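Residue strings, one per chain:
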Amino acid sequence: MEPLEKARILIVDDEKMNLKVLADLLKEEYAPVLARSGEEALQHAFGDSPPDLILLDVVMPQLGGYEVIKQLKNDDRTKNIPVIFVTALSSVEDEEHGLKLGAVDYITKPYSPPIVKIRIRNHLRLVHHYKLLDQLAYLDGLTVIPNRRRFEEVFQKEWARSARNGTSFSLAMVDVDFFKQYNDHFGHAMGDDALQKIAKALEGGLKRPGDLVARYGGEEFVMVLPETDAAAAKVVAERALRNVAELNLAHPYSQVASHLSVSIGLVTTIYMDKKTLPQTFLKTADQNLYLAKHNGRNQIVSSMIYDWSMMSIG
């Protein structure tokens, strides 16, 4: 959540007056989104702009609050959205049942408006902290770009989406040439500084929000390029090669250039056999990287996979 962005609170109640009271109470600090049924609530929750928190009535026609929260908690897209029940059901059994289903709080009507606002504020503060921790868990500590854990998650997700949609998919493995010699000569502090600059150079070469560069390990990086054909992927790889060269980080012990350079193994597929694991695709990129290094480094070796039963390097 951006500091100046109002948190989106989905208010779900089949009574119009109840919606208005809560919306009026919250509209100065937050961005209320209103739903008068369980079905409408799920549409908002599963939409492109999911809420940061949900205030959910229990008793509603057709789809009640208990069923709504079950569906929310059973879906990866919405399972972490905090839900607060706001309901006239006030028995201990009702409250216990709601909390067991995954609600973070249970407010009974009639409620105190100041107390409702304080509870919402506290839960949103927790959401903000969890989001920050989650972001840090997916960042590489040195280069501050996505780490291997984040790469693997995005790779699996984008692979599945490309297989489902039948779109092109490209992947590039990037290795810094003769980096051990650079570290040995200049020391690990300068080596770390160089990796940070190279990471930013690679990241700066990506032009689309769906593309990703991550630190794979040591001096190795990986680029995920969904919906990218071979020609477009080659342009991205060439830009990466050029961006690193333009850093002009002197490397007197390199055997291929006077500055730090990278080798890139690139692979593209336009057809994914359902039996083929994404790890096979990653292995092909790694094999291409090996060839790029074997052929003299500071270059790109790419391959195009048309048929998984007849993979060839080109």
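Please read these numbers as outputs of a predicted model, since none were measured by experiment.

### A few points about the nonpolar core
- Formed by 29 residues in total, the largest nonpolar core has its most connected members in V176, L202, F221, M223, L260 and I264.
- Elements supplying a minimum of two residues to this core: strand 6 (169-176), helix 7 (179-186), helix 8 (188-204), strand 8 (220-226), helix 9 (230-245) and strand 9 (262-269).
- Judged by nonpolar contacts, the second largest core, of 22 residues, contains V33, A35, L56 and Y106.

### With respect to the environment of G210
- Of note, G210 is situated in the loop between helix 8 and strand 7 (212-217).
- A residue is classified by how much of its surface remains accessible, and G210, at 38% relative accessible area, is partly exposed.
- For the pair G210 and H128, spaced 82 residues apart in sequence, the C-alpha separation works out to 24 Å.

### Structural notes on unusual backbone geometry
- The residue after K109, namely P110, is reached through a cis peptide bond having omega -5°.
- Tracing the sequence through the fold places P110 in the loop between strand 5 (105-108) and helix 5 (113-137).
- Phi is positive for V144, close to 60°, though the residue is something other than glycine.
- Within the secondary structure layout, V144 lies in the loop between helix 5 and helix 6 (148-165).
- Located in the positive-phi region is R297, a residue other than glycine, with phi close to 65°.
- Residue R297 is classed as partly exposed on the basis of its relative accessible area, which comes to 24%.

### Side note on the sheet that holds strand 7
- Strand order in this open sheet of five strands is 7-8-6-9-10, and the pairing throughout is mixed. The open sheet has two free edges, formed respectively by strand 7 and strand 10 (300-305), since each of these has just one partner strand. On average, each strand axis in the sheet is inclined to that of its neighbour by 15°, with strand direction left out of account.
- For strand 6 and strand 8, the ladder comprises seven bridges, and the chain directions are antiparallel. Its bridge partner lying in strand 8, L171 is registered against V224.

### Focus on the pairing of strand 5
- Both strand 4 (residues 83-87) and strand 5 contribute to a ladder of four bridges, which runs parallel. Opposite I84, over in strand 5, you have D105 as the bridge partner.
- Note on the crossover from strand 4 through helix 4 (residues 92-100) to strand 5: the handedness is right-handed.

About the thresholds
- Residues numbered from 1 in each chain as written.
- Predicted model: local features only at pLDDT ≥ 70, side-chain atom pairs only at ≥ 80, totals over all residues.
- Heavy atoms only, no water.
- Core = buried A, V, L, I, M, F, W, Y, C linked by side-chain atoms within 4.5 Å.
- Buried < 20%, exposed > 50% of the residue type's maximum accessible area, 1.4 Å probe, protein only.
- Helix = DSSP H or I, 4+ residues; strand = E, 2+ residues; numbered from the N terminus.
- Pairing = 2+ DSSP bridges.
- Axes fitted to C-alpha atoms, helices over the stretch in contact; angles between N-to-C directions.
- Right-handed = clockwise from strand over helix to strand, strands pointing away.

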